[in-house]
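Secondary and tertiary structure notes
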Amino acid sequence: MTDPNQRSVKINASDLTDIKCDKCGDLRFEPVFLLKRVSALISPTGKDETAPIPTFACYACGHINLGLLPREMRPQTSEEQKIVSSKLPELSVVSPDSPTKE
Ligand SMILES: [Zn+2]
């Protein structure tokens, strides 16, 4: 019988694709934690909690590839990312009694 816990798949490291830092191209990563604050409203304990999310950051520059983020933390599209990073447009206030040009 084969042990289901024991994997017999042979993996040759040279067959694998390297993950490079999107920013500087370094191949080395170190484990880091992203911390999320869990509001008491949604926390299972009813108190403010901190939720650590493990991921990997570039060893050289500290950048975290989007592909290494949990799926729910990745921006859906580059356009959405643009919206988040760009400033909100100033609202132009139009007073109702402003004279109209004729
Ligand atoms: Zn880097």
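Our structure's up above, just so we're on the same page.
Residues numbered from 1 in each chain as written. Predicted model: local features only at pLDDT ≥ 70, side-chain atom pairs only at ≥ 80, totals over all residues.

Here the focus is the overall build of the protein chain. Each helix and strand in the protein chain was counted, giving one helix and two strands. Listing every helix and strand of the protein chain by position from the N terminus yields β-β-α. Scored against the burial criterion, the 102 residues of the protein chain give a buried share of 2%. (Helix = DSSP H or I, 4+ residues; strand = E, 2+ residues; numbered from the N terminus. Buried ≥ 20, exposed ≤ 12 C-beta atoms within 10 Å, placed from the backbone.)

The subject of this paragraph is the environment of Leu27. Take Leu27: it is sitting in the segment before strand S1 (29-38). For Leu27, a count of 11 C-beta atoms within 10 Å puts it in the exposed group. Each C-alpha atom, one on Leu27 and one on Tyr59, is 8.2 Å from the other, the two residues being 32 residues apart in sequence. Setting aside residues up to four positions removed in sequence, Leu27 forms contacts with Asp18 and Lys20. (Contact = placed C-beta atoms within 7 Å.)

Relative to the assigned elements, Ala60 resides in the loop between strand S2 (49-58) and helix H1 (78-85). Overall, the presence of 15 C-beta atoms within 10 Å leaves Ala60 in the partly exposed class. With 35 residues separating them in the primary sequence, Ala60 and Gly25 have C-alpha atoms 9.2 Å apart. Those residues in contact with Ala60, other than ones at most four positions away along the chain, are Cys21, Cys24, Asp26 and Arg28.

In this section: the pairing of S1. Side chains on a regular strand alternate between the two faces of the sheet. Burial of S1 is sparse: only zero of the ten residues sit out of reach of the surface. Two strands pair when backbone bridges link them, and S1 and S2 are joined in this way by ten bridges, in the antiparallel orientation. Residue pairing across strands places Pro31 opposite Phe56, the latter belonging to S2. (Pairing = 2+ DSSP bridges.)

The subject of this paragraph is the environment of Asn65. Within the secondary structure, Asn65 sits in the loop between S2 and H1. Residue class for Asn65 comes out partly exposed when judged on the 16 C-beta atoms lying within 10 Å of it. The spacing of Asn65 and Lys20 is 45 residues in sequence and 8.4 Å in space, taken between C-alpha atoms. Every residue in contact with Asn65, bar those within four places of it in the chain, is listed here: Ile19, Cys21 and Asp22.

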